[in-house]
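# Structural overview for review
Take a look at the letters that make up each chain.
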Amino acid sequence: MERRPVVVWTCPLWAGLVLAFSITAAKTVPRPPQLIRCVFHNRANVTCHWEAGDASATHYTLEVERIPAIAITSNRLLNTFTCTTPDTSCTAITNSSVRYVFCVTVTAHGHSWNVSSQPRCQSGRVEVMLPPVTLISVKPVEGRPQYLNVTWSRILSVFPVSDSEIKAGKLKSQIEFTAQGQSDVQVKEVTVTHYSFLACLFRPDTSYAIRLRHSYQGPKSPWSPWSNACQGRTGEDAPSAAPALWRRVKQTDGNGLRLVSLLWKPLPHFLANGRVLFFNVTCQTESAEVLKDHGTCRDVNNATTSCSLHLPAGRCSCALTASTSAGTSPEARIWLLGASETEPPSPSSVAAIALDDSSLDVRWTAPADRSTSGFVVEWFAVREKNSSDLHWEKLNSSCTALVITEGVKPLERYVVSVKALYGERGSGQNNTVQVYTREGVPSDGPEVQVQQISGGTVELIWSPVPVELLHGFIRSYTVSYSTANQPLRKVFVPGHVCRYSLKNLLPGHYAISMQANTDAGAGEAGPFANVHISEDSQEISLLLYALLPLLLTSLVLMACLAHSKMVRQKLCQDVPDPSNSSLAHWTPKITLEGRSTARSNSSPSRTDELKTLPPFLRQHQSPVSFSEFNSISHSSFLLSHPAEATSPQNTFSQSVSNSAPSLHPDIFSCPDALFATSPSTFPHSLFMDFSYSPLDSRGQYALESRA
């Protein structure tokens, strides 16, 4: 009775221990590896990959068992291939055909346990990697410029796909191709049912490097390695686009014919589709009459990109085509307005800025309320000594910007213009700007010349520096001058002028030079001009400036007095009768240019008015243009000394006449006295001839006048 409780408690205890041990034992069973894939190589080996099982596994064994179609031997070891590795992949040497069925198992090994994956049995060709094939040739297909004929071969003993299977489409195939001169590689699927097949994947007249690879049917078979590369070129085709065509109207002759240069760009290779053999140009009038004058545009070869011909004055058009051995391109046509037609408007807001030393960004705004068919951007380098090439680009109507990179370099000025195209209405007007990619300082300075020296004033002139040497836009000039006893002085002159006067120079020997200045700075100085200012020249100049205004004022006043009737009566009462004097047969001339014969014959009463004049007027003869009195820069008198009276054209020296102050019209308050008529009477130039006469017996001068 006393042992019974012990038995009751012992049974549940043992039951609990057994259950706990069972649970613990179940938790410690290793997890087997999982087979992922295998790659079979015909008559070589098999490589398998798996997912690791238990973390405590130390190594793995791959076992590949070949299942023969007919059991020849019961020795299983002869058909089992193994390899051992600590990694998760392994290669077993089989030297067997992949046409057999293989069962694959992976076993994980621990310190005191082994666990295997479930065996997987299948034909070796399901996961076979075919060996690389040999590419024999790649040839063009006549009449089919986008095709290539690819021929290949294989080694029968190692290629586990029969000819009948190939013909039945058991292969999946890809080709890899690269166009000559390009780096991008393309891979495309192709259908291969024979050892020669056509691939339609290419551009005409293009050389390609091609490789080929296969895989056996089914998703598990990997791609074979690529074959060797083989070169092939497609055949030519007709150009797929028209050349870009433009024109320049050079000149018009006396018959109204316009000399026109047609310009075009070579077709890029991907549009030419072959070697362009020649271009064909035809021009016609608006009524479709074909012009027979071809100029240099007949038989234009493939190396030419321009030609010239004469076109009539009316509206006309020219067409251009390019031809290869396979055909002719579409037609490019441009229209030229008639000589009397008004050009449509130009684009607005044209601007060009430098992006770097070799590129310009050009932008513009399309004409408002006008439908355009495109735009043409032209640019060329500005040069004085040698002509430069014209560059141009034709753009569609949606483009309002262009980055110029062709023919552009720093320190050179470019003219950039934009024209709008209006289809059959021709092209519009130019909108032009000038620009540099990068400005620099001028490499030479202007050659300054002394135009005139008057006292302490030196008038300088110069010619602009050749544009090839400017390297920038001229903002100003620097005039530098110095003498032995004075420091160097500089004067800045605006860049648009080409004349300047240095004033108030003290006597001495001066060296004068000039520099041209751009935004980049001051350029090199030009050649020196040497000027000598003497004290005598200053004194003479000052004397002339002082006396000449008095002399001219006296001349005008005396002329006014001579016209006054009262003065003539008071001062000229004793003038003898000209008919009784020794000058009865002498007649001075007054030539009135521009007057009609009727006017010159209708003024007899003016003879009396000019009978008496101040004596000093009789000592000189001076041709005077009335129109010159209305302009400061053209007013002057031509005077001579009495001893030189026989030469009517003698004048002051150049330095004196140029230094004389200009005569303002207000000085001549009495023009009627001088000309014996109103200025309005002479719409053209008036020349008055004052000749002196010999003295009569009474010691007075007599003067006849003839209108």
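Residues numbered from 1 in each chain as written. Predicted model: local features only at pLDDT ≥ 70, side-chain atom pairs only at ≥ 80, totals over all residues. Heavy atoms only, no water.

Here we come to the side chain of E165. Its location among the elements puts E165 in helix α2 (residues 163-167). For E165, a relative accessible area of 13% puts it in the buried group. Residues within four places of E165 in sequence aside, it is in contact with R99, R125, P160, K170 and Y216. (Helix = DSSP H or I, 4+ residues; strand = E, 2+ residues; numbered from the N terminus. Buried < 20%, exposed > 50% of the residue type's maximum accessible area, 1.4 Å probe, protein only. Contact = heavy atoms within 4.5 Å.)

Attention now moves to the sheet that holds strand β12 (residues 186-190). Spatially, β12-β11-β14-β15 is the arrangement adopted by the four strands of the open sheet, whose pairing is antiparallel. If you trace the sheet from one side to the other, it starts and ends with β12 and β15 (230-233), each paired once. On average, each strand axis in the sheet is tilted by 35 degrees relative to the strand beside it, whichever way the strands run. Pairing of strand β14 (residues 207-216) with β15 involves four bridges; the strand directions are antiparallel. The partner of S207 across the bridge, within β15, is R233. (Pairing = 2+ DSSP bridges. Axes fitted to C-alpha atoms, helices over the stretch in contact; angles between N-to-C directions.)

A few words now on the packing of aromatic side chains. Summed over all chains, the structure comprises 13 aromatic pairs. On the basis of an interplanar angle of 55 degrees and a centroid distance of 6.4 Å, the ring pair of W152 and F159 is categorised as tilted. On the basis of relative accessibility, which here comes to 4%, the residue F159 falls in the buried class. With centroids separated by 5.4 Å and ring planes inclined at 50 degrees, the aromatic side chains of W264 and F279 adopt a geometry described as tilted. (Phe/Tyr/Trp six-rings, centres within 6.5 Å; stacked < 30°, edge-to-face > 60°.)

Further remarks concern the environment of T151. If you trace the backbone, T151 turns up in strand β10 (residues 144-153). The class for T151 is partly exposed, based on a relative accessible area of 22%. Beyond its immediate chain neighbours, meaning those up to four positions away, T151 contacts L135, I136, S137, Y195 and S196. Side-chain polar atoms of T151 contact the side chain of S196, separated by 3.5 Å. (Polar contact = N/O pair within 3.5 Å; in protein donor to acceptor, adjacent residues only side chain to side chain.)

Our focus in this paragraph is the nonpolar core. One broad trend across soluble globular proteins is that nonpolar side chains are buried collectively. By size, the foremost hydrophobic cluster in this structure holds 46 residues, and its most contacted members are L62, W152, I175, F197 and I210. Excluding residues within four positions of it along the chain, F197 makes contact with L148, N149, V150, W152, I175, V190, T191, V192 and L212. Of all hydrophobic cores here, the second largest spans 24 residues; its members include V382, V415, V465 and V479. (Core = buried A, V, L, I, M, F, W, Y, C linked by side-chain atoms within 4.5 Å.)

Among the secondary structure elements, H59 is positioned in strand β3 (residues 59-67). Remark: the alpha-carbon pair of H59 and G110, spanning 51 residues in sequence, is separated by 7.5 Å. In contact with H59, other than residues within four places in its own chain, are T84, T85, P86, T107, A108 and H109. Within the structure, H59 has its side chain in polar contact with the side chain of T58 (distance 2.9 Å).

What follows is about the confidence of the model for the chain. Low pLDDT means the predicted atomic positions in that stretch should not be read closely. Per-residue pLDDT for the chain averages 78, and the proportion of residues at 70 or more is 72%. A low-confidence stretch, residues 539-544 stays under pLDDT 50, and its non-local contacts, those more than four residues away or across chains, total four contacts. Between residues 581-604, whose pLDDT stays under 50, and residues either more than four places distant or in other chains, the model counts 41 contacts. (pLDDT = per-residue confidence, 0-100.)

Going through the model one piece at a time under the given rule, you end up with 14 salt bridges. A salt bridge links K265 to E393; its shortest N-O distance comes to 4.0 Å. Of this pair, K265 sits in the loop between β17 (258-264) and α3 (269-272) while E393 sits in strand β27 (residues 391-395), and the two are 128 residues apart along the sequence. Between R438 and D357 there is a salt bridge, and its shortest N-O distance comes to 3.0 Å. Highlighted residues: R438 in the loop between β30 (431-435) and β31 (448-454) and D357 in the loop between β24 (348-356) and β25 (359-365), separated in sequence by 81 residues. (Salt bridge = Lys/Arg side-chain N within 4 Å of Asp/Glu carboxyl O.)

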